[in-house]
Amino acid sequence: MFSPELAIGQRPTTVRDWVAERAVQIPERVALVADGKAWTYSELDARVSRLARQLAALGARPGDRIATLLHNGTAAATLPHAALRLGATIVPLNVRLTAAEIAWQLHDAAPRVLIVEPRTVDRALTARDENPSLAVATIEGEVVHRLGGLDPIDLEESDVQLRLVHPVDSVLAVIYTSGTTGRPKGAMLTVGNFWYSAIGSALNLGTRDDDRWLAVLPLFHVGGLSIIIRSAIYGITAIVHDGFAPDNVNAAIDDDRTTLVSVVAVTLERLLDSRGAKPFPKTLRVVLLGGGPAPRPLLERCVSSGIPVAQTYGLTETTSQVATLLPRDAVRKLGSAGRVLHPNELQIDPSHGAGVAHAEGEILVRGPIVMTGYLNRPDLTATTITDGWLRTGDIGTLDADGYLYVLDRRDDLIVTGGENVYPAEVETVLLSHPGVIEAAVIGVDDAQWGQRVVAIARLTDDAEANELTLRSFCRERLASYKVPKEIRFVTDPLPRTASEKLQRGALRASEESRKHNRQQQTIDTD
């Protein structure tokens, strides 16, 4: 069994390749279940080495970045291990992005190789037009082809020595997260970040030899990728589903001996609705709930049904979990995200709060799970990490027992169905339409998705635009989850501060007032 206590006993400068180690220790244990096939650790180890050599044959070398545009499956689950063994960095791109968004991230990350699949190859080709030197290859099953080629990559073309020992400060992944300036930013996460994230989670939740962790979260998000890395570190089984389907997840819980599953609020609610009154088996020991503060009615529903839910708080910049509430504390600390995971530190800075009580303020995090910085953004890194503390921008409070309560999301962040949307990025697209003078984007509470994206726009006098045309305009330039679900039009200038900063808070308050008035009118009519 994995021993987190021993693993954390001293701060190593290197760690041994976790897949290779497990292939020696437990070669016949199932490591991965994906695409209808089960892979033992011995088989996974061989596949990882083969993939690493194929990446090298494509031109990738230690220190290079390797981008992927893949849906959940065997390839997405094994390429991070292969990049690590090569000494390279994986850059998993969101498959929901448009070609223009992909092209920008490729330009920013400057990867040596891009690995795609049949479902994403067209957008990759369009994106490559702006990155012509990029080597692109397709992967189907266990076979990697050069783009347009018919023959598999010849392993004899690779003469790179694979690595089985990794420096903890080497960057394992660059994961893009939305940025307040309208452009995403790449969080650089090291081997050590993932190692200590796994240790902290294990010390909190425990590990068992028969654990099987179900991954329905996208593997291009830190929450999904962390499951793949942690499972290999622990020597347990990762079960990967291509997207979330409640019936399939329930079947995996009932029939595939799933012991842990990670979800967001909207998927958990769909899972419960699909299951009905059928109780969960005792083999399911933890349902990790992340992706933003959970609605209290959902938490109460889980508690009353005896579901072993563990609410979590985390960020891309902290390699997923910062704090996690144990299921046994779900009633006693309802609404809390739990205590900070060892060996990290968490504190509240009241000077960065919202003018509220002294106990409330900005959540700061320090420890080995905090990213090394943002790719190509030393300026932003310097303002985000000060004196070793990561400024999350989230507002929270700690109770007397050290349990964290997240009071609000980052000021402008919209979390819809577990996906992060920053208003500035959507506003930039709206303002590029010739008929739009001003635009503001806010998040409005939504019973199904947690929040929905709402835009407020002011048009030119001669604008030939309406809600339908503007949403279509956005859909061509943004991932579907970023497209406003509703666009309202105003004739007066949008509220701004003296320094001309858009007052989204005032717009959110106005939207809440409108919602209250509509509800009151309904009551009066009844």
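A few points on the structure. For clarity, every value in this text was computed on a predicted model and none was experimentally measured.

Criteria and thresholds
Residues numbered from 1 in each chain as written. Predicted model: local features only at pLDDT ≥ 70, side-chain atom pairs only at ≥ 80, totals over all residues. Heavy atoms only, no water. 1 Å grid on protein atoms, 1.4 Å probe; cavity = no way out; pocket = protein on both sides within 12 Å on 5 of 7 lines; lining within 4 Å. Points joined across faces, edges and corners; volume = space filled by probe spheres on them. Helix = DSSP H or I, 4+ residues; strand = E, 2+ residues; numbered from the N terminus. Nonpolar A, V, L, I, M, F, W, Y, C, P; charged D, E, K, R; others polar. Axes fitted to C-alpha atoms, helices over the stretch in contact; angles between N-to-C directions. Parallel < 35°, antiparallel > 145°, perpendicular 65-115°, else oblique. Contact = heavy atoms within 4.5 Å. Phe/Tyr/Trp six-rings, centres within 6.5 Å; stacked < 30°, edge-to-face > 60°. Buried < 20%, exposed > 50% of the residue type's maximum accessible area, 1.4 Å probe, protein only. Pairing = 2+ DSSP bridges. Right-handed = clockwise from strand over helix to strand, strands pointing away. Polar contact = N/O pair within 3.5 Å; in protein donor to acceptor, adjacent residues only side chain to side chain. Salt bridge = Lys/Arg side-chain N within 4 Å of Asp/Glu carboxyl O.

**Some remarks on empty space enclosed by the protein**
Then step 1. Under the criterion given, the structure shown has 5 cavities of 30 Å³ or more.
Then step 2. Computed from the structure, the largest cavity encloses a volume of approximately 100 Å³.
Then step 3. Surrounding the largest cavity, 13 residues form its lining, T68, A76, P92, L219 and F220 being those nearest its centre.
Then step 4. For the lining of the largest cavity, the secondary-structure elements that each account for two or more residues are α4 (74–86) and β5 (89–92).
Then step 5. At 3 residues, the largest contribution of residues to the lining of the largest cavity is made by α4.
Then step 6. Of the residues belonging to the lining of the largest cavity, the class tally is 10 nonpolar, 3 polar and no charged.

**Quick word on the packing of helix α9 (residues 246–255) against helix α10 (residues 265–275)**
Then step 1. It is at 9 Å that the axes of α9 and α10 come closest, and there the two elements cross at 75 degrees. With respect to α10, the element α9 is oriented roughly perpendicular. Across the interface between the two elements, P246, D247, V249, N250, I253 and D254 of α9 pack against R270, L271, S274 and R275 of α10.
Then step 2. Its residues placed into classes, the contact of α9 with α10 shows 4 nonpolar, 2 polar and 4 charged.

**Remarks on the packing of aromatic side chains**
Then step 1. For the structure on display, the rule yields 2 aromatic pairs.
Then step 2. Where W18 meets W195, the ring centres are 6.4 Å apart and the plane angle is 10 degrees; that geometry is what we call stacked. Of the two residues, W18 sits in helix α2 (residues 18–25) while W195 sits in helix α7 (residues 191–205), which places them 177 residues apart along the sequence.
Then step 3. With relative accessibility at 3%, the residue W18 sits in the buried group.
Then step 4. The exposure class assigned to W195 is buried, which follows from its relative accessible area of 14%.
Then step 5. Ring geometry for W104 against Y176: centres 6.5 Å apart, planes inclined by 80 degrees, an arrangement best described as edge-to-face. Of this pair, W104 sits in helix α5 (residues 99–109) while Y176 is found in strand β10 (residues 171–177), placing the two residues 72 residues apart along the sequence.

**Observations concerning α2**
Then step 1. Taken together, the buried positions of α2 are W18, V19, A20, R22 and A23.
Then step 2. Turning to α2, the residues buried within the fold contact β1 (14–16), α3 (41–57), α4, β10, α7 and α8 (222–234).

**A few points about the pairing of strand β7 (residues 135–140)**
Then step 1. Two elements, strand β6 (residues 113–116) and β7, share 4 bridges in a ladder whose sense is parallel. Its bridge partner being in β7, L114 is matched across the sheet by V136.
Then step 2. Note on the crossover from β6 through helix α6 (residues 121–128) to β7: the handedness is right-handed.
Then step 3. Sheet topology places β7 next to strand β8 (residues 143–146); 4 bridges connect them, and they run antiparallel. Residue I139 lies in a different strand from β8, and its bridge partner there is V144.
Then step 4. The loop that links β7 with its antiparallel partner β8 comprises 2 residues; one of these, G141, has a positive phi angle of about 65 degrees.

**Some words on α10**
Residues spaced three or four apart along an α-helix point in a common direction, a consequence of the helix completing one turn every 3.6 residues.
Then step 1. Among all positions in α10, only A265, V266, T267, L268, L271, L272 and R275 are buried.
Then step 2. Where α10 is buried, its residues touch α9, β14 (260–264), β15 (286–290), α11 (296–305) and β16 (309–315).
Then step 3. Backbone geometry just downstream of α10 places G276 in the positive-phi region, at approximately 70 degrees.

**Description of the environment of D394**
Then step 1. Secondary-structure assignment places D394 in strand β23 (residues 389–398).
Then step 2. For D394 and I348, which are 46 residues apart along the polypeptide, the C-alpha to C-alpha distance reads 9.8 Å.
Then step 3. Looking at D394, its side chain comes within polar contact range of the side chain of Y313, at 2.6 Å.

**Here's the deal with the pattern of salt bridges**
Then step 1. Applying the stated criterion to the full structure yields 27 salt bridges.
Then step 2. Taking the shortest distance from any N to any O, the salt bridge between E425 and K482 comes out at 3.0 Å. Within this pair, whereas E425 is found in helix α13 (residues 423–431), its partner K482 is found in the loop between α14 (467–475) and β29 (486–489), the two being separated by 57 residues in sequence.
Then step 3. The buried category is assigned to K482, whose relative accessible area is 4%.
Then step 4. Put simply, D17, D45 and R85 are held in one network by salt bridges that share partners.

**Here we look at unusual backbone geometry**
Then step 1. The peptide bond linking H342 to P343 adopts the cis configuration, its omega dihedral lying at 5 degrees.
Then step 2. With respect to the secondary-structure elements, P343 resides in the loop between β18 (339–340) and β19 (345–349).
Then step 3. Positive phi, close to 50 degrees, is recorded for A110, a residue that is not glycine.
Then step 4. Secondary-structure assignment places A110 in the loop between α5 and β6.
Then step 5. Positive phi, close to 60 degrees, is recorded for T319, a residue that is not glycine.
Then step 6. Secondary-structure assignment places T319 in the loop between β16 and β17 (320–324).

**Let's talk about the sheet that holds β17**
Then step 1. With mixed pairing, the 9 strands of this open sheet are ordered in space as β3-β2-β13-β12-β14-β15-β16-β17-β18. Every interior strand has two partners, whereas the edge strands, β3 (37–40) and β18, have only one.
Then step 2. Across 4 bridges, strand β2 (residues 30–34) lies against β3 in antiparallel orientation. Looking at β3, one finds that V33 is bridged to A38.
Then step 3. With respect to the sheet, α7 is in contact with β12 (212–215), β14, β15 and β17, its orientation differing from that of β17 by roughly 30 degrees.

**A look at the sheet that holds strand β28 (residues 450–459)**
Then step 1. Spatial strand order, β27-β28-β29: 3 strands in an open sheet with mixed pairing. The open sheet has two edge strands with one neighbour each: β27 (436–446) and β29. Within the sheet, the average angular offset between the axes of one strand and its neighbour, ignoring direction, is 25 degrees.
Then step 2. Bridge analysis of β28 against β29 gives 4 bridges, and the strand direction is parallel. When the bridges of β29 are listed, V454 appears paired with E486.
Then step 3. This element, α13, spans β27 and β28 of the sheet and lies at about 145 degrees to β27.
Then step 4. Packed on one face of the sheet, α14 meets β27, β28 and β29 and runs near 130 degrees to β29.

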